[in-house]
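Each chain, letter by letter, is given below.
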Amino acid sequence: MSDKAKLSISIDEELSATLRAIAAQRQEQISTVVTHALVDYFAHEQRRLDGLAAMAEYQHEHGAFTADERRAASERVDELMGWTSGAGRQSA
């Protein structure tokens, strides 16, 4: 990541204040904090996309997930994420 690109973005004022506070606490430049956040986000997003592709491939080979399989998967995700009864889960 040696080459740099300069971007101009607009973000919510509250998010901007949080970003500045975190950068100050870490004694880092704002661009460094943003870069770390984006690296983490892109890694997470790639894992999510890989998971969706794996599920689509599985369903293509074995058929669509049943309602029971979807319910069991949802309960497992809730358990892993520490959510109860779907709390914290957003509708698609």
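Residues numbered from 1 in each chain as written. Predicted model: local features only at pLDDT ≥ 70, side-chain atom pairs only at ≥ 80, totals over all residues. Heavy atoms only, no water.

Thoughts on the packing of helix 1 (residues 13–26) against helix 2 (residues 30–62)
Describing two packed helices takes the angle between their axes plus the distance from one axis to the other.
Part 1 of the reasoning: Contact geometry for helix 1 and helix 2: axes closest at 9 Å, N-to-C directions at 105°. Between helix 1 and helix 2, the angle falls in the class roughly perpendicular. On the side of helix 1, the interface is formed by Leu19, Arg20, Ile22, Ala23 and Arg26, while helix 2 contributes Ile30, Val33 and Val34.
Part 2 of the reasoning: Here the residues of the contact of helix 1 with helix 2 sort into 6 nonpolar, no polar and 2 charged. (Axes fitted to C-alpha atoms, helices over the stretch in contact; angles between N-to-C directions. Helix = DSSP H or I, 4+ residues; strand = E, 2+ residues; numbered from the N terminus. Parallel < 35°, antiparallel > 145°, perpendicular 65-115°, else oblique. Contact = heavy atoms within 4.5 Å. Nonpolar A, V, L, I, M, F, W, Y, C, P; charged D, E, K, R; others polar.)

Considering the pattern of salt bridges
Part 1 of the reasoning: Per the counting criterion, the structure on display carries 4 salt bridges.
Part 2 of the reasoning: For Arg26, the salt bridge identified is with Glu28, shortest N-O distance 3.7 Å. (Salt bridge = Lys/Arg side-chain N within 4 Å of Asp/Glu carboxyl O.)

On their own, these measurements won't tell you what the molecule is for.
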